[in-house]
Structure formats: C-alpha cells, structure tokens
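Chain by chain, the residues:
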Amino acid sequence: NNVFAFNRELGAVRMVRAVVQDIPCTLHFVNNIVFVDHGPLAGKGVRNVGGVWANNVWYDVRGIATAEFDGDKWAAWEKSGKERGSVFADPKFRDPKAFDFTLAPDSPALKLGFRPIDLTGIGPTRN
C-alpha cells in the first residue's frame, strides 16, 4: 500500500546481489502503485529477486511502449512470472502533477486491494 511516484532514477526497486557473498535477496512487493514520467519502472536485477510480487499497479505516463521493467517491456515482464495479479494501468490519481494522489473510486489499484492511508489526522496541529 505504497505510492512510488515521480522518482528521479527509477520507479520503485533496484536489487543487486551481494558481490562477495552469494546472498539471496527477497522482497515482498504487494499492493503498490508505481507511477513514472521518465526512467524505468523497475531497475536492473529485480527479475532474480525472490519473494512475493503481487497486485501492483505500474504506470508510465509516456505509455506502455515506453515502460521498462528490468530491461524488458510490460509483455515480457508479465510473461516472466515475476508478478501475480499486477496490471499496467493508469491508477487514476486526482491530480498527480499537484502531488494529490487521492484515488478515483474506479481506480484499478482499489480493485486489486490497495488501501489508501487516511490523511485526515496527519500533519502539524496546534495546542
């Protein structure tokens, strides 16, 4: 239930195996939204990272033809079996350019089980 948006180098994850020791890497990456307007959605090396990858919404505003996952396009990433139940789709944020990541009621992320954080009690308060 995280939103990764407008990261400068890559959308969300880059994993590298230890060079000195052969340490297996695992990552549970579930119910996240990754939203980019440049760069790859997932960096090099994540294909070989174990763990659970499921129900994520991946989106590149430039379109599916530009979207890159560990050096591949969406179709190859999807066929690799890395993820289960994830989609490449517009998450339908209210106004991402103004950093308003409120989701529309028909957001594909909500359909996959994403639960937005209630922001009403967050922020500075006066005594």
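Residues numbered from 1 in each chain as written. Predicted model: local features only at pLDDT ≥ 70, side-chain atom pairs only at ≥ 80, totals over all residues. Heavy atoms only, no water.

**Regarding the overall build of the protein chain**
Check the secondary structure of the protein chain and you find 2 helices and 8 strands. When the helices and strands of the protein chain are listed from N to C terminus, the series reads β-β-β-β-β-α-β-β-β-α. A buried classification covers 32% of the 127 residues belonging to the protein chain. Taking all contacts inside the protein chain whose residues are at least 6 apart in sequence as the whole, residues at least 24 apart take part in 67%. (Helix = DSSP H or I, 4+ residues; strand = E, 2+ residues; numbered from the N terminus. Buried < 20%, exposed > 50% of the residue type's maximum accessible area, 1.4 Å probe, protein only. Contact = heavy atoms within 4.5 Å.)

**Digging into the confidence of the model for the protein chain**
Of the residues in the protein chain, 85% reach a pLDDT of 70 or more, and the chain-wide mean stands at 84. Per-residue pLDDT, averaged within each element of the protein chain, yields its smallest value for helix α1 (residues 74-79) (87) and its largest for helix α2 (residues 108-111) (97). (pLDDT = per-residue confidence, 0-100.)

**Here we look at a nonpolar patch on the surface**
Together, Ile117, Leu119 and Ile122 give the surface a local cluster of nonpolar side chains, amounting to about 350 Å² of exposed area. Relative to the elements of secondary structure, isoleucine 122 occurs in the segment after α2. (Patch = residues over 30% accessible without salt bridge, like charges linked within 9 Å, V, L, I, M, F, W, Y side chains within 5 Å. Areas by Shrake-Rupley, 256 points an atom, 1.4 Å probe, with all protein chains shown as cover. Salt bridge = Lys/Arg side-chain N within 4 Å of Asp/Glu carboxyl O.)

**Quick word on the side chain of asparagine 32**
Within the secondary structure, asparagine 32 is located in the loop between β2 (29-30) and β3 (33-36). The class of asparagine 32 is buried, set by a relative accessible area of 3%. Here asparagine 2 takes part through its side chain, which lies 3.1 Å from a polar atom of the side chain of asparagine 32. Polar contacts involving the side chain of asparagine 32 include one to the main-chain carbonyl oxygen of valine 30, which spans 3.2 Å. Residues within four places of asparagine 32 in sequence aside, it is in contact with Asn1, Asn2, Phe4, Asn55, Asn56, Val57 and Phe114. (Polar contact = N/O pair within 3.5 Å; in protein donor to acceptor, adjacent residues only side chain to side chain.)

**A word on the nonpolar core**
Grouped together as the largest cluster of nonpolar side chains are 20 residues, with contacts concentrated most on Ile33, Leu41, Trp58, Phe69 and Phe88. Among the secondary structure elements, those contributing two or more residues to this core are β3, β5 (57-60) and α1. Among the elements that line this core, the one with the most residues is β3, at 4 residues. Every residue in contact with isoleucine 33, bar those within four places of it in the chain, is listed here: Asn2, Val3, Phe4, Val57, Pro91, Phe93, Leu103, Ala109 and Phe114. (Core = buried A, V, L, I, M, F, W, Y, C linked by side-chain atoms within 4.5 Å.)

**A short note on the sheet that holds strand β1 (residues 3-5)**
Reading across the sheet, the 4 strands line up as β1-β3-β5-β6 and stay open at both edges, with parallel pairing between neighbours. Taken across any chain shown, the strands that pair with only one partner, and hence form the sheet edges, are β1 and β6 (87-88). (Pairing = 2+ DSSP bridges.)

**Description of the pairing of β5**
Side chains Val57 and Tyr59 project from β5 onto one buried face, and the interleaved Trp58 and Asp60 project onto a second face that is buried too. Of the strand pairs in this sheet, β3 and β5 are connected by 4 bridges, and their pairing is parallel. Counterpart to isoleucine 33 in the pairing with β5 is valine 57. Bridge count for β5 against β6 is 2 bridges, and the pairing is parallel. Note that in β6 the partner of tryptophan 58 across the bridge is phenylalanine 88. The handedness of the β5 to β6 crossover, carried by α1, is right-handed. (Right-handed = clockwise from strand over helix to strand, strands pointing away.)

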